Amino acid sequence: MTATAPPLRPDRDRDRPVRPAGPPGSSVPPAGSSVPPVAALLRTLLALTVLVGTALGALLAAAGPASAHAALTGSDPQDGAVVATAPAEVTLTFSERLAMGKDAIRVLGPDGDRADRATVRDLSRDGTVGYGVDLRPSLPDGTYTVAWQAVSADSHPISGAFTFSIGAPSETSVSLPGASSGGGAVGLLYDIARYAAYAGFTVMAGGAAFILLCWRRGATVRPLQRLVAHGWVTLTAATLAMLLLRGPYTGSGRLADVLDLGGLPDVLETKTGAALVSRLLLLGAAALFIAVLFGTYAQQSREAPEDVARRKDLTFGLAVGGAVVAAGIAATWALSEHASTGIQTGIAMPVDVLHLLAVAGWLGGLAALLTALHRVPSIEAAAVRRFSRVAFVSVVVLAVTGLYQSWRQVGSWSALTGTSYGRLLLLKAVLVAALVGVAWFSRKWTARLGSDRREAGESPAASGTAAVPRQVAAARQDAVTVPDRAGHAEAEADAEAEAEAAAGAEAEAGTEAEAEAEAGAEAAGGGEPPERAAQLARQRAALDTARRKKARDADPGRSGLRRSVLAEAAVAVVVLAVTTVLTATEPGRTQEEAAKSGSGAAAPAAAQGPTELKLPFDTGGPDGRGTVRLTLDPARAGGNELHLWVESPDGKPMDVPEVKVSLTLRSQQIGPLPVTPARLSAGHWSAGTVQIPMPGDWTVKVTVRSSDIDQTTIDKSVRIG
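Worth saying up front: this structure is predicted, and the values here are computed from it rather than measured.

K.L.:
Tell me about the overall build of the protein chain, residues and numbers included.
P.N.:
Secondary structure assignment for the protein chain yields 16 helices and 17 strands. Counting all 721 residues of the protein chain, 47% fall into the buried class. Once local pairs closer than 6 in sequence are excluded, the contacts in the protein chain between residues at least 24 apart make up 71%. With an accessible surface of roughly 33600 Å², the protein chain has 60% of that area assigned to carbon and sulfur atoms.

Structure below.
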C-alpha cells in the first residue's frame, strides 16, 4: 500500500543505504544501525538533568528578596531646598539596595563645574538604603544640580536629577537631563535583543515540546527542525548581544562603547550579567538535547518505527531532560527581573518560571503547528487534537500565574488604571482574551478536520496523503476497546504513535519506490542528454509539488485551521511585544509607593507667588467665632514671609490674646515646626523668617486663643513648591 509523499531530499536520502530491520517489538536496533544504546543515552541525559537542576537550585537559593524597581524616597538637601550654609555632603535615600558606581552621583555648581569629590559612599544602615557624596569646601552661594544614575535590583537602569540652592537661588548653566538612563540607540537595541530572546525561547522550547507531546513524527520533518534550530540561534545571539550592550545600557549610553570589552568584567559581577552567562551555559545543554531530538530520536523513528518500547524510553528521557533545561533557561529571567524583587519572591520566581513555560508551550507550539500546516504536506489530525489539549492546559496555567503576578506587581485598582504598568497590563489582558477567542475557532476547525476525514472514509492519522497500514488501524481499534479504562489513554496514545510512524515510513518507502522507478525509466530510455533529463526531472518535481499543494489547499478543514492559526500567531507576536515592554516598566505598586512618599527625584514645583489660606474657627467662648486668613510668600522651599489676619464673622479685625502656627510634612515625618508670629496691630500678626526646608504637601496648624480658657486648633494643607 503506497501513497504520494514529498520527494526525497537529494542531500539527505539519495545515497542512504537500506538497512534490514530487527524483529518487530525487539529492543535491539536494526543490523548496522548507528543508533546508540538507549540506556547509555538516557544515563547521559539523566546526568545532565541532575547537573542543570543542581545549578538551578543554587541560583534560586542565592537570590535574595528586594523591592520591585528602586525609587528615590528622599534626599538631603531636598529638591528645591534653600539652605543658609553649604552642606558637607549630599545624601540620597532609595526604596531598595541598588548598584551604584563610584561616579554615580554628581553635583554641579552654577557654572557647571563639579562640586563633589567624585566618590560615592554607601550610607545604608538599619534597613535604610542611602548613598552620599562629599562636597568641596567653601562652595559659593547659588543653585546646584544633583544628577544620579544607578541600576535597580530588577536589572533596570534608573536615573534622576534635582536642584538645591545655597543662600539664595541663582542662574545656572546646567540643564537637567531630559533623557532617562537606558534610552537612545543603545536602549532601543537592548529592547530589540530582549524581545528576540523571548521569541527565541518561545519558539525553541515550544517547538520541541510540540514534537515530543503532540507530533513525534515531526522530529523527522525538516521545516520543524529548522524552526527549533532558528529559535536556539536567535536566543543565543540575543543573549550575547544583551551581554555586550549591558555596560553602555546601564552606563554611558554610547553605542561606541558596545565593543569596549573593558567594562565586561563589571557586567559579569552583577546579577543580570550572571543570569546572562548562566543562560549561555544552559543553551549549551539545550543544543545537546536538540541534537539528540533531531539526530538519534529522528533516526530511531525512521529506521525502527516498530520498536515502540525504545522510542517511549527515549521520548521520556528527552521530555524530562528538556523540561529541566527549559525551566533553567526560564529561571534566568525570573532571577534577574521583576520576579526577583518585591514581595513574596520565594513564590514569585517559581510562578514566573511556570508562566514562561506556559507561554512557550502555547505560543511556541502554535508556531510549530503553523509551520507544519504551511510547509509540511501532511500532519495527522490526532496531532492537532493533542496540541489543542496542551494549549488548553497552558492557558489555564497562564491565567492562574498571570493573576498572581498582576496582584503582586499592581496591588490596587488605582494602580491598574492610573499607572503605565497597569495600563500595559490591561492591554495585555485584552490581547490574551483575543488570542483565546481565536483559539476557540481553531478548536472548531480541529474538530471539523477530523470529521471531514472520517466522512471521506480516511483515517484521522492519515493526514491527507499518507495512508496507514490496516494492521496499525486494527491495533488502534483494539486499544480503543480495551475494557480497562485506566489504560485506555496510554494504549490509544501508543497506537496513534505507531500509526504516525508507520505513515511516515510508508510515505518514505513509497517515494523511494517512485524515485527508483523514475531512475529505471530514465536508464531504459537512454536517449536523452543529461541536461534534458535533469530538466525533465525538475519539471516532474515541480508538477508533483504543485499537485500536492493543490490537494492540500483543497481540504477546507486544513485551510480553515491554517487561517485561524495564522491569526493566533499574529496576535501572539503583539502579546510578546507588550510583555517585553512590561518587563522594562516600573511596576504599578512601586509607582504608587513612590508617589505617596511625596519626594520624587524631580518633584514638580508650584508656581512662585503668595499662597492664601482661609480657616474658620470657633473657640466655644463668647465672641469666639471668626476666620483666620494666612498668607505665605513665595510659598516655596527656603525663606518665606507669613502674614495672618484674624477676622470676626462680619469681616472686622478681631483682637485675640494669642496666635500660634506650626507646619508639618507628614510624608517625611518632618515637624511640627513651630512659628511664633508677632502682633503688628489688632487682628494682624506676622513672621518674616519662616524657613520651610523642602517642597511637598505641608499641613499648616493655627491655634487661636480668644480668652484665658477658650482656644481651638484648626489645620489645612498647602502645597509648597
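K.L.:
Quick one: what's the story with the sheet that holds strand β11 (residues 638-647), residue by residue and with numbers?
P.N.:
The antiparallel open sheet is built from five strands, whose spatial order is β9-β10-β11-β15-β14. On the outer flanks of this sheet lie β9 (611-618) and β14 (678-681), each paired with one strand and no other. The mean angle between the axes of side-by-side strands here comes to 25 degrees, regardless of whether they run parallel or antiparallel. Judged from the seven bridges that link them, strand β10 (residues 625-633) and β11 form a sheet pairing that is antiparallel. Across the sheet, the residue bridging to leucine 632 is leucine 642, located in β11.

K.L.:
With reference to specific residues and values, describe the nonpolar core.
P.N.:
One finds Phe201, Met204, Phe210, Trp215, Leu293, Ile329 and Ile379 to be the most contacted residues of the largest nonpolar core, which totals 86 residues. Every element with two or more residues in this core is listed here: α3 (184-213), α4 (222-250), α6 (271-303), α7 (308-334), α8 (345-375), α9 (381-410), α11 (420-455) and α15 (556-583). With 16 residues, α8 is the single largest residue contributor to this core. Discounting chain neighbours no more than four positions away, the residues touching leucine 293 are Ala208, Ile211, Leu212, Ala219, Ala298 and Leu318.

K.L.:
If you had to explain the packing of aromatic side chains to someone new, which residues and values would you point to?
P.N.:
Here the structure, examined in full by the defined rule, presents eight aromatic pairs. With 6.2 Å between their ring centres and 65 degrees between their planes, phenylalanine 94 and tyrosine 131 make a pair best called edge-to-face. Taken as a pair, phenylalanine 94 in strand β3 (residues 89-94) and tyrosine 131 in strand β6 (residues 129-135) lie far apart in primary sequence, 37 residues in all. Since its relative accessible area comes to 5%, tyrosine 131 is described here as buried. Measuring from centroid to centroid gives 4.0 Å for tyrosine 190 and tyrosine 249, while their planes differ by 10 degrees, and the two rings are stacked. In this pair, tyrosine 190 sits in helix α3 while tyrosine 249 sits in helix α4, placing the two residues 59 residues apart along the sequence. Assigned by exposure class, tyrosine 190 and tyrosine 249 land together as buried. Aromatic ring contacts, followed pair by pair, group Phe94, Tyr131 and Trp148 into a single cluster.

K.L.:
Describe in detail the pairing of strand β13 (residues 670-675), supporting the description with residues and values.
P.N.:
Two faces, one strand: in a regular strand the side chains alternate between the faces of the sheet. Summarising the sheet, strand β12 (residues 658-665) and β13 pair through four bridges and their orientation is antiparallel. Residue pairing across strands places leucine 663 opposite leucine 673, the latter belonging to β13. Following β12, the chain reverses through four residues before pairing antiparallel with β13; glutamine 669 in that reversal takes a positive phi of roughly 55 degrees.

K.L.:
Break down the environment of proline 693 for me, with residues and values.
P.N.:
By the secondary structure assignment, proline 693 is in the loop between β15 (684-692) and β16 (696-705). Sequence separation of proline 693 and alanine 81 is 612 residues, and the distance between their C-alpha atoms is 5.7 Å. Proline 693 has contacts with Ala81, Ala637, Leu673 and Trp698, leaving out every residue within four places of it along the chain.

K.L.:
I'd love a proper account of the pairing of β16, names of residues and values included.
P.N.:
Across the ten residues that make up β16, a large majority, eight, are buried. As defined by bridge partners, β12 adjoins β16 across seven bridges and the pair is classed as antiparallel. Residue pairing in the sheet places valine 659 in a bridge with valine 704 of β16. Bridge count between β16 and strand β17 (residues 711-720): ten bridges; the pairing is antiparallel. Across the sheet, the residue bridging to threonine 703 is threonine 713, located in β17. The hairpin formed by β16 and β17 contains five residues between the paired strands.

K.L.:
Quick rundown of the side chain of threonine 91? Include the residues and the values.
P.N.:
Structurally, the position occupied by threonine 91 is in strand β3. Setting aside chain neighbours within four positions, we find threonine 91 in contact with Gly74, Ser75, Asp76, Leu123, Tyr131 and Gly132.

K.L.:
Could you give me a rundown of the environment of glutamate 380, with the residues and numbers involved?
P.N.:
Here glutamate 380 shows up in the loop between α8 and α9. With 163 residues separating them in the primary sequence, glutamate 380 and arginine 217 have C-alpha atoms 9.5 Å apart.

K.L.:
Tell me what's going on with the sheet that holds β6, and back it up with residues and numbers.
P.N.:
Two strands in a sheet stick together by hydrogen bonds in their backbones, pointing the same way (parallel) or opposite ways (antiparallel). Strands sit in the order β1-β3-β6-β5 across an open sheet of four strands; the sheet is antiparallel. Two strands bound the open sheet, and with one partner strand each, they are β1 (72-76) and β5 (116-122). In this sheet, neighbouring strand axes are inclined to one another by 20 degrees on average, regardless of whether the strands run parallel or antiparallel. Pairing between β5 and β6: four bridges, direction antiparallel. Bridge assignment links aspartate 116 to a residue of β6, and that residue is leucine 135.

K.L.:
So, the pattern of salt bridges: which residues are in play, and what are the values?
P.N.:
It is possible for side chains of opposite charge to pair when their charged atoms get near one another. Taken as a whole and judged by the stated rule, the model has eleven salt bridges. Where glutamate 647 meets arginine 629, a salt bridge forms, and the shortest distance between an N and an O atom there is 3.3 Å. On the criterion of sequence distance, the pair formed by glutamate 647 in strand β11 and arginine 629 in strand β10 is long-range, its members being 18 residues apart. Overall, the relative accessible area of 21% leaves glutamate 647 in the partly exposed class. In this structure, arginine 719 engages aspartate 697 in a salt bridge whose closest nitrogen and oxygen atoms are separated by 3.5 Å. Of this pair, arginine 719 sits in strand β17 while aspartate 697 sits in strand β16, and the two are 22 residues apart along the sequence. Here the salt bridges do not stand alone but share partners, grouping Glu89, Arg121 and Asp134 into one network.

K.L.:
Now, about the environment of threonine 220: what can you tell me, with residues and values included?
P.N.:
Inspection of the secondary structure assignment puts threonine 220 in the loop between α3 and α4. Of the residues examined, threonine 220 reaches a relative accessible area of 15% and is grouped as buried. At 2.7 Å, the side chain of threonine 220 and the backbone oxygen of arginine 217 are in polar contact.

K.L.:
Describe in detail the packing of α4 against α8, supporting the description with residues and values.
P.N.:
Between two packed helices, the angle of one axis relative to the other and the distance separating the axes together describe the packing. The contact between α4 and α8 brings their axes to 9 Å, and the two run at 145 degrees. Crossing handedness for the pair α4 and α8: right-handed. Contacts between α4 and α8 involve Pro223, Leu224, Arg226 and Leu227 from the former and Ala367, Ala368, Thr371 and Arg375 from the latter. Partitioned by chemical class, the residues of the contact of α4 with α8 number five nonpolar, one polar and two charged.

The rules behind each value
Residues numbered from 1 in each chain as written. Predicted model: local features only at pLDDT ≥ 70, side-chain atom pairs only at ≥ 80, totals over all residues. Heavy atoms only, no water. Helix = DSSP H or I, 4+ residues; strand = E, 2+ residues; numbered from the N terminus. Buried < 20%, exposed > 50% of the residue type's maximum accessible area, 1.4 Å probe, protein only. Contact = heavy atoms within 4.5 Å. Areas by Shrake-Rupley, 256 points an atom, 1.4 Å probe, with all protein chains shown as cover. Pairing = 2+ DSSP bridges. Axes fitted to C-alpha atoms, helices over the stretch in contact; angles between N-to-C directions. Core = buried A, V, L, I, M, F, W, Y, C linked by side-chain atoms within 4.5 Å. Phe/Tyr/Trp six-rings, centres within 6.5 Å; stacked < 30°, edge-to-face > 60°. Salt bridge = Lys/Arg side-chain N within 4 Å of Asp/Glu carboxyl O. Polar contact = N/O pair within 3.5 Å; in protein donor to acceptor, adjacent residues only side chain to side chain. Left-handed = near helix turned anticlockwise from the far one by under 90°. Nonpolar A, V, L, I, M, F, W, Y, C, P; charged D, E, K, R; others polar.

What is shown is where atoms sit, not what they do.
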